[in-house]
Amino acid sequence: MLGAQAYQFNHALTRSPAKSVIDGLRAGDGPNPVFSHFQSQHQAYQKALEDAGLTVNCLAADEDFPDSVFVEDPALCIGGSVILLSPGAPSRYGEAGRLAAHGQRYFDTLIDLRPRLAAGGRIDGGDILLTGREALIGLSARTNQAGFDALAAVLQDFSIIARPLETPADILHFKSDCGLLDAETIFCTERLAKSDCFKGYRVITAPAGDEPAANLIRVNDWVLLAHGHPRSAEILDYHGYQVKLLDISEAAKIDGGLSCMSLRYHRQ
Ligand code: GLY
């Protein structure tokens, strides 16, 4: 049971965008991100985490992995522990290994899921939503049953129950369409709300057209929300959340969002 620990952090780990980020994976054939804009948006993102009270450590850019700025996909943090995952896209297979080198320095404990996976097991951090009471894990093109099974076994050691869900078709990651607002409240798209996967939670839905806003992150007293969705910002304000808007247009060009650009955690 995580309770408020699901959104209370004192550290974050990020990775600078590499110049190769222009080759980042994307579902469509949209334009490449502009590297210099990506860099400045990434810096503003880190500043927002610092303003929310976190110590932010930023790893050097890794040109070998165009998507490595999305540092949340190869790992999951629980308290001060990091669990190395097994990203589901072939071009990202090596990213967990690159993070392993930093584990001892930045985290209290490092657990490597990869040797515990059945053959072909894959799981992306973008498919894992930790709530106050459980881990919701969306099966997707990046996360399969073997990946879920291996992580669920490890999470038992943290007394966290994992629940498998279906990520709706055409959505990259489960968290592309949802974010945690507090231990019992989730902000999500209509299409995800309709799937009933958040039964028992308080659910606030993003207005139609605001789907990219669903990938928000709660960090201590702040909710970080993608810029350009004023109706979502108004709804969150109405419900009493303190919102900070961030322009992440360059990450969005390669299907990245707010959650995937940092690992947020709590060290004693
Ligand atoms: N470009 C983000 C991802 O596909 O993993």
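Look up: the structure comes first, before these words.
Parameters and conventions
Position numbers for residues start from 1 in each chain and track the written sequence from start to end. Residues qualify for local features only when their pLDDT is at least 70, as the model is predicted, and side-chain atom pairs are given and counted only at 80 or more; totals for whole chains, interfaces and linings, by contrast, use all residues. Excluding hydrogens and water, the side-chain values take into account all heavy atoms of the structure. Here a helix means four or more residues in a row that DSSP labels H or I, a strand means two or more in a row labelled E, and each is numbered from the N terminus. Under this definition, polar contacts are N or O atom pairs within 3.5 Å; protein pairs additionally need one hydrogen-donor-capable and one acceptor-capable atom, and for neighbouring residues in sequence, both atoms have to be side-chain atoms. Working rule for contacts: check all heavy atoms of both residues, and any pair within 4.5 Å makes them a contact. Between any two strands, pairing holds if DSSP finds at least two bridges. Convention adopted: a line fitted to C-alpha atoms gives each axis, helices being fitted over their contacting stretch, and angles between N-to-C directions are expressed from 0 to 180 degrees. The rule for a salt bridge is simple: a side-chain nitrogen of Lys or Arg has to be within 4 Å of a carboxyl oxygen of Asp or Glu. Note on exposure labels: buried denotes an accessible area under 20% of the residue type's maximum, exposed denotes more than 50%, and partly exposed covers the range between, all computed with a 1.4 Å probe on protein chains only. When charges are counted, Lys and Arg contribute as positive and Asp and Glu as negative, whereas His and the chain ends are disregarded. Throughout, nonpolar core names a set of buried Ala, Val, Leu, Ile, Met, Phe, Trp, Tyr and Cys residues whose side chains join them through atoms within 4.5 Å. Seen with its strands pointing away from the viewer, a crossover is right-handed if its path from the first strand over the helix to the second goes clockwise. The criterion for a residue being near a molecule or strand is simple. One of its heavy atoms has to lie within 4 Å of it. With residues, only the protein chains shown are counted as cover, and all accessible areas are computed by Shrake-Rupley using a 1.4 Å probe. Under the scheme applied here, ten amino acids are nonpolar (Ala, Val, Leu, Ile, Met, Phe, Trp, Tyr, Cys and Pro), four are charged (Asp, Glu, Lys and Arg), and all others, including Gly, are polar.

Student: Which residues make up the side chain of His173, and what are the values?
Tutor: Following the sequence through the fold, His173 ends up in the loop between β8 (162-166) and β9 (178-182). A polar contact of 2.7 Å, which involves the side chain of His173, links it to the side chain of Asp124. Residues within four places of His173 in sequence aside, it is in contact with Asp73, Asp124, Gly126, Asp127, Arg142 and Thr167.

Student: Explain the sheet that holds strand β15 (residues 263-265) to me, and be specific about the residues and the numbers.
Tutor: Reading across from one edge, β2-β1-β15 is the order of the three strands in this open sheet, with mixed pairing throughout. Among the strands making up the open sheet, the edge pair consists of β2 (55-59) and β15. Across this sheet, the average inter-strand angle for adjacent strands is 20°, counted without regard to direction. Summarising the sheet, strand β1 (residues 11-15) and β15 pair through three bridges and their orientation is antiparallel. Looking at the pairing, Leu13 lines up with Leu263 of β15.

Student: Report on the pattern of salt bridges, specifying residues and quantitative values.
Tutor: When their charged atoms lie close together, side chains carrying opposite charge are able to pair. As enumerated under the stated definition, the model contains 15 salt bridges in all. Among the salt bridges present, the one from Arg98 reaches Asp62, with a minimum N-O distance of 2.8 Å. Here Asp62 lies in the loop between β2 and β3 (75-78) and Arg98 lies in helix α2 (residues 95-100), a separation of 36 residues in the sequence. Among the residues examined, Arg98 registers a relative accessible area of 33% and is labelled partly exposed.

Student: Before we move on, could you go through the side chain of Asp67 and cite the residues and values that matter?
Tutor: Its place among the elements puts Asp67 in the loop between β2 and β3. Look at Asp67: it is buried, it has no salt bridge, and the nearest opposite charge is Arg92 at 4.7 Å. In this structure the side chain of Asp67 is engaged in a polar contact, spanning 3.0 Å, whose partner is the backbone nitrogen of Leu25. Filtering out sequence-adjacent residues up to four positions away, Asp67 remains in contact with Gly24, Leu25, Ser91, Arg92, Glu95 and Ile254.

Student: Pulling in residues and values, what's your account of the nonpolar core?
Tutor: Judged by nonpolar contacts, the single largest core of 37 residues is most densely connected at Ile83, Leu151 and Phe198. Sorting the residues of this core by element identifies β3, β6 (128-130), β7 (135-139), α4 (145-156), β8, β9 and β10 (185-188) as the ones contributing at least two each. The element contributing the most residues to this core is α4, with six residues. Among the nonpolar cores identified, the runner-up in size contains 23 residues, and Phe38, Val56, Val69 and Val219 belong to it.

Student: Would you mind going over the pairing of strand β4 (residues 81-84) in detail, with residue names and values included?
Tutor: Judged by which residues are buried, β4 turns out to be covered on both faces: Ser81 and Ile83 on one side and Val82 and Leu84 on the other are all buried. Here four bridges tie β3 to β4, and the two strands are oriented antiparallel to one another. Counted as the bridge partner of Leu76 is Ile83 from β4. As consecutive antiparallel partners, β3 and β4 are separated by two residues, and within that stretch Gly79 has a phi angle of approximately 60°, a positive value. Pairing of β4 with strand β5 (residues 109-112), which is carried by four bridges, proceeds in the parallel orientation. Residue pairing across strands places Val82 opposite Leu110, the latter belonging to β5.

Student: So what's going on with the pairing of β8? Residues and values would help.
Tutor: Relative to β8, β7 is paired through five bridges, and the arrangement is parallel. In the strand pairing of β8, Leu136 is matched with Arg163. Note on the crossover from β7 through α4 to β8: the handedness is right-handed.

Student: Describe the environment of Glu63, listing the residues and the values that go with them.
Tutor: Within the fold, Glu63 resides in the loop between β2 and β3. Taking the relative accessible area as the measure of exposure, Glu63 reaches 40% and is therefore partly exposed. With 88 residues separating them along the chain, Glu63 and Leu151 place their C-alpha atoms 28 Å apart. In this structure Glu63 touches Ala18, Lys19 and Ser20, once residues within four positions along its chain are discounted. Polar side-chain contacts of Glu63 include one of 2.9 Å to the backbone nitrogen of Ser20.

Student: So what's going on with the site of the ligand? Residues and values would help.
Tutor: Close contacts around the ligand come from Leu25, Asp67, Phe70, Arg92, Arg142, Leu172 and Ile254, and that covers them all. Separating an oxygen atom of the ligand from a side-chain N or O atom of Arg92 is a distance of 2.6 Å. Separating an oxygen atom of the ligand from a side-chain N or O atom of Arg142 is a distance of 2.7 Å. Bound to the protein, the ligand loses 98% of the 200 Å² it would expose on its own. Residue composition of the shell around the ligand, by class: four nonpolar, no polar and three charged.

Limitation: the analysis is restricted to geometry and does not speak to function.
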